2 protein chains.
Amino acid sequence: MSDAQAVVKRPASKAEGDERHEAIYRAVSDAIVEQRLKPGARLREDALAEVFGISRTGIRKILQRLALEQLVTLTPRRGASVTRPTADEAKDVFDARQLIECGLMPDVARRMGEKEAAELRDMAKRERQALRSGQQSVAIRLSADFHVRLAQLSGNAALAAFVEQLCSRSSLILAVYGHPGHLGCESHDHDDLIGYLETGNGERAKAFMNRHLKAIEASLSMVEEEENVPDLQQIFGG
Amino acid sequence: MSDAQAVVKRPASKAEGDERHEAIYRAVSDAIVEQRLKPGARLREDALAEVFGISRTGIRKILQRLALEQLVTLTPRRGASVTRPTADEAKDVFDARQLIECGLMPDVARRMGEKEAAELRDMAKRERQALRSGQQSVAIRLSADFHVRLAQLSGNAALAAFVEQLCSRSSLILAVYGHPGHLGCESHDHDDLIGYLETGNGERAKAFMNRHLKAIEASLSMVEEEENVPDLQQIFGG
DNA sequence: GCTTGTTTTATTGTATACATTGCGCCATCA
DNA sequence: TGATGGCGCAATGTATACAATAAAACAAGC
């Protein structure tokens with residue numbers, strides 16, 4: 001195998017295509033979760049294609065994936081935009097998180113080791129730091145990552161993937177219904193939770209997670225913003 | 001507006017494209033869930049494109065959606081094939097169903113009305129009939145539909161969609177690890193469950209669903225079929 | 001001046017063509 | 001006779017070109 005003359009022209013032509021797509025997907029997904037792309041923002045295919053240096057074909061694939069995860073909304077002939085969750089959807093998402101994340105706590109407590117606890121504590125610490133230094137985007141991301149990592153520790157990949165989706169959607173919900181400057185997760189909540197899990201107290205952790213999520217949901221102001229010109233609609237709708 | 005000469009050639013060129021895609025998606029999805037496409041079956045883009053009369057572009061979109069739902073596996077440069085679930089995945093799926101479907105039972109019992117009960121009874125009846133008349137594919141589908149409909153009755157769209165995915169995957173799992181001729185759900189189990197739900201006995205229904213799912217999982221023979229020539233792999237892997 | 005109809009433009013939907021790559025067939029050699 | 005290497009084919013990955021359509025800008029009439 002003569003590897004001296006082999007690949008010189010394009011190191012990205014081989015199998016990096018998939019990696020690149022994955023990277024672009026994460027870039028867009030991160031921007032949405034970190035609320036740098038706000039709900040309602042339009043995502044034009046041409047613009048994305050130019051920014052990331054690939055064709056519209058690849059962009060469409062990524063957009064469809066994001067649409068299936070409910071992070072972007074694909075309107076026929078109108079294109080893609082960051083999803084603006086409705087109040088109903090918000091309730092469903094938090095109810096789902098309550099059922100699943102709480103239900104997972106006993107398993108997590110059972111599988112919790114020193115290494116895992118240390119990793120979680122590090123995440124919680126970085127989240128607090130980001131919050132203190134005013135890096136809201138970073139804090140939001142770390143908070144979501146914390147919940148996702150927790151679900152992953154349960155050992156159930158299917159549920160972990162679903163929790164990941166729910167956390168991403170929660171970020172959108174906070175962007176729409178949350179009070180500005182008030183992040184969902186209280187700064188020390190996550191540390192307290194780690195404590196319960198470390199001691200193997202699954203039921204305690206479950207109850208705490210329940211309160212934790214309820215507190216986040218309660219902090220939202222669920223006001224569906226009314227249509228700008230609803231008068232005509234009401235006339236015909238009534 | 002002279003509409004006499006306008007559109008004569010193709011009445012399907014307008015907005016039916018989306019409907020058509022949805023129909024094709026369902027056709028493939030149904031074939032997989034009903035086990036007419038067995039795990040491991042290859043799904044060539046050209047072949048599907050020709051069968052359904054659209055271009056590969058549309059087929060790829062559908063294939064990617066199915067891949068995100070874990071019904072088909074997309075191997076780079078190798079194409080699509082019906083997913084063959086591993087034993088680990090099977091365990092995760094059934095654990096997830098246990099947590100979610102059982103957790104939903106109280107809500108379902110609360111929202112259960114006469115109309116809903118009648119609909120469920122009809123589904124259960126048709127399932128029994130299909131089972132008796134040897135229509136295995138129909139029975140499998142109706143059984144999955146029953147569980148999905150149940151989840152929908154909880155009122156939580158996010159969880160219902162997830163349960164739908166899990167049920168589809170369960171069908172694949174049964175195809176691989178189930179005993180031939182022995183369907184997952186016992187014929188009268190679903191009727192019993194409806195009874196508990198009708199009387200608003202959510203906790204009873206929850207416990208019954210728990211046993212029901214456990215019974216299905218227990219009926220599987222979890223033998224991972226070993227690789228044909230694993231010796232070399234083990235030498236290098238170890 | 002505001003509304004309505006028309007044209008223009010910009011953006012998405014679809015198909016097809018080309019490049020790339022994995023796989024099977026076949027010849028050759030031990 | 002069996003294994004190995006090369007070769008051709010078939011299938012996917014990607015980009016681009018063309019068609020369809022909705023939004024917007026603009027003009028005309030009430």
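Just so it is clear, the structure is predicted and the values come from calculations on it, not from any experiment.

1. Quick word on the sheet that holds strand β2 (residues 72–75) of chain A
Residue and element names in this part refer to chain A.
So, step 1. Strand order in this open sheet of 3 strands is β1-β3-β2, and the pairing throughout is antiparallel. The outermost strands of the open sheet, each flanked by one partner alone, are β1 (42–43) and β2.
So, step 2. Contacts from helix α3 (residues 56–68) reach β1, β2 and β3 (79–82), with the element oriented near 110 degrees to β2.

2. Side note on the layout of surface pockets
So, step 1. Approximately 1100 Å³ is the volume attributed to the second largest pocket.
So, step 2. In this structure, the second largest pocket is lined by 40 residues; those nearest its centre are L99 and G103 of chain A together with Q98, L99 and G103 of chain B.
So, step 3. Going through the elements one at a time, α4 (87–111) and α9 (202–218) of chain A together with α4 (87–111) and α9 (202–218) of chain B are the ones with two or more residues in the lining of the second largest pocket.
So, step 4. The greatest single-element share of the lining of the second largest pocket, amounting to 13 residues, is contributed by α4 of chain B.

3. Let's talk about the interface of chain B and chain A
So, step 1. Facing the 22 residues of chain B at the interface are 22 residues of chain A.
So, step 2. Buried surface at the junction of chain B and chain A, both sides included, amounts to about 1700 Å², of which 65% is carbon and sulfur.
So, step 3. If you sort the residues of chain B by the area they bury against chain A, L68, D92 and L99 of chain B come out on top, with a joint share of 29%.
So, step 4. Counting across the interface, chain B meets chain A through 0 salt bridges.
So, step 5. In this assembly, chain B and chain A are joined by 4 residue pairs in polar contact (both at pLDDT 80 or more).
So, step 6. Those elements that provide at least two residues to the side of chain B that touches chain A are α3 (56–68), α4 and α7 (157–177) of chain B.
So, step 7. Ranked by residue count, the leading element in the side of chain B that touches chain A is α4 of chain B, at 7 residues.

4. Observations concerning the side chain of R141 of chain B
Residues and elements named next belong to chain B.
So, step 1. Structurally, the position occupied by R141 is in helix α6 (residues 136–153).
So, step 2. At 3.1 Å, the side chain of R141 forms a polar contact with the side chain of E34.
So, step 3. Dropping the residues within four chain positions of it, R141 is found in contact with D30, V33 and E34.

5. Things to note about the confidence of the model for chain A
Residue and element names in this part refer to chain A.
So, step 1. Averaged over all residues, the pLDDT of chain A is 87; the fraction at 70 or higher stands at 84%.
So, step 2. Here helix α10 (residues 230–237) is the element of chain A with the lowest mean pLDDT, 53, and α4 is the one with the highest, 98.
So, step 3. Of the regions scoring below 50 in pLDDT, residues 1–15 engages in 3 contacts with residues more than four places distant in sequence or in other chains.

6. Details of the relation of the copies chain B and chain A
So, step 1. The transformation that overlays chain B on chain A combines an axial shift of 0.0 Å with a rotation of 180 degrees, and the residual RMSD is 0.0 Å. Such a turn and shift between the copies fits a two-fold axis.
So, step 2. A share of 100% of the interface residues of chain B reappears at the interface of chain A, consistent with the copies meeting face to face through the same patch.

7. Comments concerning the protein's contact with DNA strand D
So, step 1. Contacts to DNA strand D come from 14 residues, most closely from S55, T57 and R78 of chain A together with R56 and R60 of chain B.
So, step 2. Of what DNA strand D places within 4 Å of the protein, 74% of the atoms are sugar or phosphate.
So, step 3. Here S55 of chain A contributes a backbone N or O atom positioned 3.2 Å from a phosphate oxygen of DNA strand D.
So, step 4. At a separation of 2.9 Å, a base nitrogen of DNA strand D approaches a polar side-chain atom of T57 of chain A.
So, step 5. Within the residue set of the surface near DNA strand D, elements represented by two or more residues are α3 of chain A together with α3 of chain B.

Calculation rules
Residues numbered from 1 in each chain as written. Chains lettered and ligands numbered in written order. Predicted model: local features only at pLDDT ≥ 70, side-chain atom pairs only at ≥ 80, totals over all residues. Heavy atoms only, no water. Pairing = 2+ DSSP bridges. Helix = DSSP H or I, 4+ residues; strand = E, 2+ residues; numbered from the N terminus. Contact = heavy atoms within 4.5 Å. Axes fitted to C-alpha atoms, helices over the stretch in contact; angles between N-to-C directions. 1 Å grid on protein atoms, 1.4 Å probe; cavity = no way out; pocket = protein on both sides within 12 Å on 5 of 7 lines; lining within 4 Å. Points joined across faces, edges and corners; volume = space filled by probe spheres on them. Buried area = accessible area lost by both parts, 1.4 Å probe. Salt bridge = Lys/Arg side-chain N within 4 Å of Asp/Glu carboxyl O. Polar contact = N/O pair within 3.5 Å; in protein donor to acceptor, adjacent residues only side chain to side chain. pLDDT = per-residue confidence, 0-100. Least-squares fit on C-alpha atoms with pLDDT ≥ 70 in both. Near = heavy atom within 4 Å.

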